[in-house]
Structures are given as C-alpha cells and as structure tokens.
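Geometric and topological summary
The chain contents come next:
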Amino acid sequence: MGLISGVAMIVGTMIGSGIFISPSDVLSRSGSVGTSLMIWFACGLLSIAGALCYIELGCVVTKSGGDYAYLLDGYGPLHKFFGPIPAYLYSYSRCLVTGPAAYAVITLSFGTYATSPFYQGRVLTGGGVFNETDNTTATPTYELNKPPEWLPKVVAAGCVVVISTINCFSVTLATRTQNLFTAIKVLALGVIVVAGLVKIAQGNTQEIEAGFTPFSEVTTAGIATAFYSGLWSYDGWNQLNLSVEELRNPYVNLPRAIWIALPLVMALYILANMAYLSVMTAAEILVLDAVAVTFGLRVLGVMSWIMPASVACSTFGAANGSTFGNASRHLNHQLLQRHPGHSHAEPLHGDQGPGVGRDRRCWSSQNCSR
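Residues numbered from 1 in each chain as written. Predicted model: local features only at pLDDT ≥ 70, side-chain atom pairs only at ≥ 80, totals over all residues. Heavy atoms only, no water.

**Focus on the packing of aromatic side chains**
Put simply, the test is: Side-chain rings of Phe, Tyr and Trp, where Trp is taken by its six-membered ring, are said to pair if the distance between their centres is within 6.5 Å; with planes under 30 degrees apart they count as stacked, over 60 as edge-to-face, and otherwise as tilted. Strands here mean DSSP runs of E at least two residues long; helices mean DSSP runs of H or I at least four residues long; both are numbered from the N terminus. In this scheme, a residue with accessible area under 20% of its type's maximum is buried, one over 50% is exposed, and one in between is partly exposed, where area comes from a 1.4 Å probe on protein chains only.
Applying the stated criterion across every chain yields a total of 10 aromatic pairs. With a centroid separation of 5.8 Å and 75° between ring planes, the pair formed by tyrosine 54 and tyrosine 70 is classed as edge-to-face. Of the two residues, tyrosine 54 is situated in helix H4 (residues 33-60) and tyrosine 70 in helix H5 (residues 67-75); the sequence distance between them amounts to 16 residues. Relative accessible area serves as the criterion here: at 15%, tyrosine 54 is assigned to the buried category. On the basis of relative accessibility, which here comes to 10%, the residue tyrosine 70 falls in the buried class. Through successive ring pairs, a cluster of aromatic residues spans Trp40, Tyr234 and Tyr269.

This is the structure we're talking about:
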C-alpha cells in the first residue's frame, strides 16, 4: 500500500454517511448556524490532534492492530498476567460490541440509500408557484417514498457478504476497491460543494449571514451532543494505524497520509455544510433525515438520483475500509500474538523479495517458506 492508497483508506473510512445525515443533528443541538460551523471546525481540529498522537504511536510501534497493539506493547511488559488485560478488554469490546454495532449502522445506511433511488421523492405542493398576494415563490416540498422495511436489511446483509469476500480474497483488490469508492465519495462531495458555491455566488447567503443568531436555546448538553455527532462523522482518522504493516515506508507515508487526508476531509465537511445552507433554510435542515438527498432533489433535478447513489457508494467504501483495518488486520495481530510461530492469514508484503506478490496471503508457516 502506497501513499495514495493510504490517503484513500483514511478518507474513505472517515467519509461515510455522517456528512450526508449529521448536519441536521449538529445544527439542531448547536442552536445557531455559526455555532454549528464552529463545531464542525473544532471536531476537525480534535481529530487532527488525535491523529498526530497516532502518527507518533504508529512510527514507534510499527505493528498492525492499532489500539490493541499499542496497549499490548505499552502495558504488556509490566506484568505477565495483568499487563495484557487492557489490550484484551479493548479487543473484547471492539470485536463483540462497538465494532459490529458501528458496522451494522454503516451497512444499514448502505442498504437504505442503495434502494432509495428506486423510491424517488416527488413534488407535493407549491413547486415554483408565484403567489401574487405576498410576491413570493413557494418552495417545493418533497415526500421521500420509503422502500419496504425488509429490503434495506437484505441489501445490507449482501453488502457484508461482498465486502467480506473481497477482503478474504485479496489485499490488492480490497485497496483498489477502497481507492475507487473514495474517489466516488470525494467527487460527490465536490458536486455538493461546487453547487453550493454557485448558489452562494448567486446571493443565496441569508442563512449563512444569520451567523450566531440563535434559533433555539443553547445548552451545555446540546453542545456536547453536537460534538458527539460531529466527531462521529470524523471517525476513522486512525484507520491506517490498524494496517500499518501493509504500508510501504510507514515512517514517511503514515504522517504524509494523515496530513493530506484530515485537512481535506475537514475542508469538504465545512464547505458541504455551507452548501446545504445555501439551498435549504436552517429550519428545513432541522426536520430532514437525509439532507443530501433533499439537496439533490432541489439542485440536480432529474439527476437527483446521483445523491442517494453517492451516499450508498460512500457507505460501502466506509464499510470496506472498516473491514480492511478493524477485522483482518486487528484479528490477525491477535492470532500472531497467540501463535507466534504461525502466520495465519498474514498478508505478504512487497519488501519480502522479488517474485512475492503483495496480493497473496500465507495460511500456514509452511506456505510462507516457499
């Protein structure tokens, strides 16, 4: 895995469904447009601060496994029995609770958005009708038809099977898949940003100019939960540390990948929020479950299906990146710790000599000796 694939792994895992859904959560809890944009910016800074720490950890402990490897390497030598317990507890909770729960959310989001283009919204009332009484043009309102409840779940299950097959079959295929879907999601956000900048240039800046004018009561709990929603959208900044052994020249490429990926994602997130506010009012965003889909309906017209399709690609890429790091590399590191003499499912690296492909895997120590 080179620098470009490393950047794609971080960006592709960070950009899931959050930026397409969370704007309403952050906005509703922040109390004003200006505060919500500041929270998105602050969440980006917090993510960069965490990533800087992980650069140091990743360059000191050059093992795949991420947090598990760091906890084991840091506390393991302190005591034969109690030293590995923090790493074990982290691994236990990650593999059985937090990891599967987050993965289920991502794949269910994929199922929802993958099926939604076949249940397109439609204009209900006031679609561009001029009202002579108050000299205003009514804003179109939309009803988003929903697919049957069982369909997104079936598609989500199929997503799990496909991604698992890809990651079991080939490391190279998994990274190329990640590169492809990262390009698609960045392009989708680019469409949103460009459309928003055009709207802003046309003078649709009323919501942005509202600044810190409160539209609801601001509370400490509200700000805290707004940060929670924002940080959920930034989740994945440590993804490359989970598979650092797959990265060529990690001492150089790990810092570079993080410094390229995180500012890029932060800029896309802030600009995307400004784009939403140039097309929709804050009151509309607050009641919408899928901000990007409504954005597409209003701006892209007959091409509005691009938005749910792009969100589906975005969540698929996030799920693939999560599987690549959290599952195969994290569990593989634990197997190597338990059975140091056997490299079960250990990926072969390009620096192991000519003729050895990075795409093959060792399933036993005997195979690795060939």
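**Describing the pattern of salt bridges**
Put simply, the rule reads: The working definition used for a salt bridge is a side-chain nitrogen of Lys or Arg within 4 Å of a carboxyl oxygen of Asp or Glu.
Under the criterion given, the structure shown has four salt bridges. Among the ionic pairs, arginine 298 bridges to glutamate 284, the shortest N-O distance being 2.8 Å. Within this pair, whereas arginine 298 is found in helix H13 (residues 291-299), its partner glutamate 284 is found in helix H12 (residues 282-287), the two being separated by 14 residues in sequence.

**Concerning a nonpolar patch on the surface**
To be explicit about the condition: A patch consists of residues exposed above 30% relative accessible area that lack any salt bridge, with like charges linked at up to 9 Å and nonpolar side chains (Val, Leu, Ile, Met, Phe, Trp, Tyr) linked at up to 5 Å. In these tables, accessible area is a Shrake-Rupley quantity obtained with a 1.4 Å probe, and a residue counts as shielded only by the protein chains included in the view.
A contiguous nonpolar patch, built from Tyr88, Leu89, Tyr92, Leu96 and Val97 and spanning about 550 Å² of accessible area, is present on the exposed surface. Checked against the element boundaries, leucine 89 lands in helix H6 (residues 85-115).

**Notes on the packing of helix H1 (residues 3-14) against helix H11 (residues 250-279)**
Convention followed: Axis definition: a line fit to C-alpha positions, over the contact stretch in the case of helices; interaxial angles, taken between N-to-C directions, run 0 to 180 degrees. Each angle receives one of four descriptions, namely roughly parallel if under 35 degrees, roughly antiparallel if over 145, roughly perpendicular if within 65 to 115, and oblique otherwise. Two helices cross in a left-handed way if the nearer one is turned anticlockwise from the farther one by less than a right angle. They cross in a right-handed way if the turn is clockwise. Residue contacts follow a heavy-atom distance rule, with two residues in contact if any of their heavy atoms lie within 4.5 Å. Just so you know the grouping, Ala, Val, Leu, Ile, Met, Phe, Trp, Tyr, Cys and Pro go in nonpolar, Asp, Glu, Lys and Arg go in charged, and all remaining residues, Gly too, go in polar.
Two numbers describe how H1 lies on H11: the axes approach to 9 Å, and their chain directions differ by 40°. One finds that H1 runs oblique with respect to H11. Every pair of crossing elements has a handedness; the one defined by H1 and H11 is right-handed. Note on element contacts: H11 touches H1 through Asn253, Arg256, Ala257, Ile258, Ile260, Ala261, Leu262, Leu264, Val265 and Tyr269, opposite Leu3, Gly6, Val7, Ile10, Val11 and Met14. Here the contact of H1 with H11 is composed, by residue class, of 13 nonpolar, two polar and one charged.

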